[in-house]
Amino acid sequence: MKVLLNANIEKLGKVGDQVEVKPGYARNYLFPNNYALQVTKHNVELLAKKREKLDKKLELEKLSAEEQKGKIEGLKIEISKKSGENDVLFGSVTTQEIEKKLAESGVNIERKKIHLEEPIKKLGNFTCKIKLFEDVEAEVNIEVTREGGDIPSEDKAPVEDKAPVKDKAPVEDETPSGDEDSSGDKVPVE
C-alpha cells in the first residue's frame, strides 16, 4: 500500500515522501497517529506545501547548529572526579556532568545529543562528539582531573628523619612462659 508521510519517520522516510508499506502497518499505526495520509491528488499538493515550509525551517536549524558548532569547537572543559590507584575513577564521567559543564561555559546542549564512544573511567584528556543536527557534529575536549589536586604517591612521599631513639625503655619480651587459667594466673607448663 502506498502512503504519503506526514511526519519524519526514522528508517522509513521524510515528510512528503511516498512510500510502500504493509496495509496493516498503515491502518493500525500510521493513519491513527497522523503519521501518513492516503495518496490522493489533494494530499500530494498539501504535503508539497508542508514540505517547503519544513525545508525552510530545517535550513534555519542547520545554520543555527553550525553557528553553535563554532562556539563549541574551541571549548575545553575540566571535570574533577575522585580516583583511586592507577588513575582509575570511582564511577565514570556522565553525559549529565558534561552537559552541566557546557552550560557553565554558556553553551546549552541537550544531554541526548552528547555521544561518548566509550565510558570515561580514567584521568586524562578525551574528546566527546555532540550531534547538533543531522550532519553537523562538534567535538569537545574534556580533561578529567583528580578531585582535590594531586595526592602524593608512595614514591613521592616526604622522607622523615629516622634518627635512633635513645630515651625509650626496653620492651619486655611477652613470650608466654605458661598457660593462663580462667582467673588470669599463669600455670606452669610441664
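Residues numbered from 1 in each chain as written. Predicted model: local features only at pLDDT ≥ 70, side-chain atom pairs only at ≥ 80, totals over all residues. Heavy atoms only, no water.

Caption draft 1: Geometry of the overall build of the chain. When helices and strands are tallied, the chain shows three helices and eleven strands. Scanning the chain from its N terminus toward the C terminus, one meets helices and strands in the order β-β-α-β-α-β-β-α-β-β-β-β-β-β. Taking all 190 residues of the chain together, 23% fall into the buried category. In the chain, once contacts between residues fewer than 6 apart in sequence are set aside, the share between residues at least 24 apart is 48%. Summed over all atoms, the accessible surface of the chain reaches about 14,800 Å², with 47% contributed by carbon and sulfur. (Helix = DSSP H or I, 4+ residues; strand = E, 2+ residues; numbered from the N terminus. Buried < 20%, exposed > 50% of the residue type's maximum accessible area, 1.4 Å probe, protein only. Contact = heavy atoms within 4.5 Å. Areas by Shrake-Rupley, 256 points an atom, 1.4 Å probe, with all protein chains shown as cover.)

Caption draft 2: Representation of the pairing of strand β4 (residues 76-81) within the structure. Residues Ile-77, Ile-79 and Lys-81 of β4 are buried on one face, while the alternating residues Lys-76, Glu-78 and Ser-80, pointing to the opposite face, are not. Judged from the six bridges that link them, β4 and strand β9 (residues 136-146) form a sheet pairing that is parallel. Across the sheet, residue Ile-79 finds its bridge partner in β9, namely Val-144. (Pairing = 2+ DSSP bridges.)

Caption draft 3: Region of interest: the sheet that holds strand β2 (residues 18-20). Read across the sheet, three strands follow the order β2-β1-β3 without closing on themselves; strand pairing throughout is antiparallel. Only two strands of the sheet have a single neighbouring strand rather than two, namely β2 and β3 (36-38). Between one strand and the next, the sheet's axes are offset by a mean angle of 45°, whatever the strand orientation. Two strands pair when backbone bridges link them, and strand β1 (residues 2-5) and β2 are joined in this way by three bridges, in the antiparallel orientation. (Axes fitted to C-alpha atoms, helices over the stretch in contact; angles between N-to-C directions.)

Caption draft 4: Main features of the sheet that holds strand β6 (residues 114-115). Read from one edge to the other, the open sheet built from four strands follows the order β4-β9-β8-β6, with strand pairing classed as mixed. Each having just a single partner strand, β4 and β6 make up the two edges of the open sheet. Seen against the sheet, helix α2 (residues 41-73) touches β8 (124-133) and β9 and runs at an angle of roughly 30° to β9.

Caption draft 5: Structural detail: the packing of aromatic side chains. On inspection of all chains with the given rule, the structure shows two aromatic pairs. Centroid distance Tyr-25 to Tyr-29: 5.5 Å. Interplanar angle 20°. Geometry classified as stacked. Of this pair, Tyr-25 and Tyr-29 both sit in helix α1 (residues 23-30), separated by four residues, roughly a single helical turn. Of the residues examined, Tyr-25 reaches a relative accessible area of 33% and is grouped as partly exposed. A relative accessible area of 36% places Tyr-29 in the partly exposed class. Centroid distance Tyr-29 to Tyr-35: 5.4 Å. Interplanar angle 55°. Geometry classified as tilted. (Phe/Tyr/Trp six-rings, centres within 6.5 Å; stacked < 30°, edge-to-face > 60°.)

Caption draft 6: Fine view of unusual backbone geometry. Positive phi, close to 70°, is recorded for Lys-11, a residue that is not glycine. Summarising the element assignment, Lys-11 is placed in the loop between β1 and β2. Residue classification places Lys-11 among the exposed positions, given a relative accessible area of 83%. A positive phi angle, near 60°, is found at Asn-34, a position not held by glycine. Considering the arrangement of structural elements, one finds Asn-34 in the loop between α1 and β3.

Caption draft 7: Spatial organisation of the pattern of salt bridges. Inspection of the entire model under this criterion finds ten salt bridges. One salt bridge connects Arg-146 with Asp-87, and the closest N-O pair in it is separated by 2.5 Å. On the criterion of sequence distance, the pair formed by Arg-146 in strand β9 and Asp-87 in the loop between β4 and β5 (88-93) is long-range, its members being 59 residues apart. Across the pair Glu-99 and Arg-111 runs a salt bridge whose closest N-O atoms are separated by 3.8 Å. In this pair, Glu-99 is assigned in helix α3 (residues 95-104) and Arg-111 in the loop between α3 and β6, connecting sequence segments twelve residues apart. Of the residues examined, Glu-99 reaches a relative accessible area of 23% and is grouped as partly exposed. Since its relative accessible area comes to 39%, Arg-111 is described here as partly exposed. (Salt bridge = Lys/Arg side-chain N within 4 Å of Asp/Glu carboxyl O.)

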